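The chain contents come next:
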Amino acid sequence: MGNSRALVLFSGGQDSTTTLAWALDRFDAVETIGFDYGQRHRIEMECRMTIRAKLPALSARYAERLGPDHVVDLKALGAISETALTRETEIAFTDAGLPSTFVPGRNLIFLTFAAALAYRRDLKHIVLGVCETDYSGYPDCRDDTIKAMQVSLSLGLDRRLVLHTPLMWRDKAQTFALARAIGGQALLDLVIEDSHSCYLGDRTTRHGWGYGCGHCPACDLRSQGFAAYLAVPDDSGLDL
Ligand code: ZN
């Protein structure tokens, strides 16, 4: 199938952890990229290293295929986020469920950096865990946005890049089911224990669905998704 080398945008969250396993299942070589853009994400940065360290033990194929990690310093993006934070004086959530620290167009910036790295590393496929189903408030997570970016980046680099979004049409319950379908209970357990979603960075309170404050929009999504998954945990016949 030609170039079967992929770069996964890996933040250490539930979605990108599941996406990384999805990529390890189908590409011969998989590298990861993460973005360091502020203190709030320090815990996510630690979680992603833990997950990368544990994945090879789950499968010989994962061990063989998981390649280098790349962390890009995007402090300038964090500065924009901080400006919003200062204005709001506290973290608030908009009607769309977005934190006030949300940076408009963040995924566009991430994808551009990822594409530059993919070019240099000869990685044809870029895989990201964006989802239109749960986060309708994030316009840069939409299917059309990603498709437009694929065209823009391929043209701008004069090299064919293929963007994959395996979670685009799945809700959180289906994402839990996908993790189990890909890597069995061991992968699902890894997602629950080591991936991080909470906006407030809480890793002291352990729930059935993992660590988090239990109150922010990210925790709400994750806990409700897990409850829905448990209600119908059958992943047989799931389209991978
Ligand atoms: Zn939370």
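Note: the structure precedes this text.
Everything numeric here is computed off the predicted structure, so don't read it as measured data.

Rules and cut-offs
- Residues numbered from 1 in each chain as written.
- Predicted model: local features only at pLDDT ≥ 70, side-chain atom pairs only at ≥ 80, totals over all residues.
- Heavy atoms only, no water.
- Helix = DSSP H or I, 4+ residues; strand = E, 2+ residues; numbered from the N terminus.
- Buried < 20%, exposed > 50% of the residue type's maximum accessible area, 1.4 Å probe, protein only.
- Contact = heavy atoms within 4.5 Å.
- Areas by Shrake-Rupley, 256 points an atom, 1.4 Å probe, with all protein chains shown as cover.
- Core = buried A, V, L, I, M, F, W, Y, C linked by side-chain atoms within 4.5 Å.
- Donors = N, O, S within 2.8 Å, 3.2 Å for Na, K, Ca; no water.
- Tetrahedral: all angles 85-135°; square planar, octahedral: opposite > 155°, others 65-115°.
- Expected span 1.5 Å × (residues − 1).
- Arc of directions from axis to C-beta.
- Pairing = 2+ DSSP bridges.
- Axes fitted to C-alpha atoms, helices over the stretch in contact; angles between N-to-C directions.
- Parallel < 35°, antiparallel > 145°, perpendicular 65-115°, else oblique.
- Left-handed = near helix turned anticlockwise from the far one by under 90°.

Participant: Describe the overall build of the chain, and please don't skip the residues or the numbers.
Facilitator: For the chain, the helix and strand inventory stands at eight helices and seven strands. Within the span of the chain, comprising 240 residues, buried residues form 52% of the whole. Residue pairs at least 24 apart in sequence account for 69% of intrachain contacts in the chain once pairs closer than 6 positions are excluded. Total accessible area on the chain stands at roughly 10900 Å², and carbon and sulfur atoms take up 53% of it.

Participant: Outline the nonpolar core, supporting the account with residue identities and numerical values.
Facilitator: By size, the foremost hydrophobic cluster in this structure holds 63 residues, and its most contacted members are Leu9, Leu111 and Ile126. Residue contributions to this core peak at eleven residues, all from helix α7 (residues 172-194). Excluding anything up to four places from it in sequence, Ile126 contacts Leu7, Leu9, Leu111, Ala114, Ala115, Ala118, Leu161, Val162, Leu163 and His164.

Participant: Describe the coordination of the zinc ion, naming the residues involved and giving the relevant values.
Facilitator: Within the protein, the zinc ion binds to Cys198 (SG), Cys213 (SG), Cys216 (SG) and Cys219 (SG); these donor distances fall in the range 2.3 to 2.4 Å. For the zinc ion, the four donor atoms in the first shell make angles of 105 to 116 degrees at the metal, so the coordination geometry reads as tetrahedral. For the zinc ion, all donor residues lie on one chain, and their spacing in sequence is C-x14-C-x2-C-x2-C.

Participant: Give me unusual backbone geometry: which residues, what numbers.
Facilitator: One non-glycine residue, Asp122, lies in positive phi territory at about 55 degrees. The phi dihedral of Asp158 falls on the positive side, at around 55 degrees, and the residue is not glycine. For Asp158, the location among the structural elements is in the loop between α6 (143-157) and β5 (162-164).

Participant: Mind laying out helix α8 (residues 217-231), listing which residues take part and the relevant values?
Facilitator: Taking 1.5 Å of rise per residue, the 15 residues of α8 would be expected to cover 21 Å, and the 21 Å separating its terminal C-alpha atoms lies within 8% of that figure. For α8, the set of buried residues is Ala218, Cys219, Leu221, Arg222, Gly225, Phe226 and Tyr229. Buried residues along α8 cover an arc of 160 degrees about the axis, so they all sit on one side. In α8, those exposed residues whose orientation departs by more than 90 degrees from the buried face are Gln224 and Ala231. Tucked inside the fold, the buried residues of α8 contact α1 (14-26), α7 and β7 (210-211).

Participant: Break down the sheet that holds β5 for me, with residues and values.
Facilitator: With parallel pairing, the five strands of this open sheet are ordered in space as β3-β2-β1-β4-β5. Each edge of the sheet is formed by a strand with only one pairing partner; in this case those strands are β3 (66-73) and β5. Going across the sheet, the axis of each strand differs from the next one's by a mean of 25 degrees, ignoring polarity. Strand direction decides the pairing type here: strand β1 (residues 5-9) and strand β4 (residues 125-127), joined by three bridges, are parallel. Looking at β4, one finds that Ala6 is bridged to His125. The strands that helix α2 (residues 42-58) touches are β2 (29-36) and β3; relative to β3, the one it contacts most, it runs at about 170 degrees.

Participant: Explain the packing of helix α5 (residues 106-121) against α6 to me, using residue names and the numbers behind them.
Facilitator: Interaxial distance between α5 and α6 falls to 11 Å at its minimum, and their mutual angle equals 40 degrees. As far as their axial angle goes, α6 and α5 are oblique. The crossing of α5 and α6 is right-handed. In this structure, α5 uses Leu108, Leu111, Thr112, Ala115 and Tyr119 to contact α6, whose residues at the interface are Thr145, Ile146, Met149, Leu153 and Leu157.

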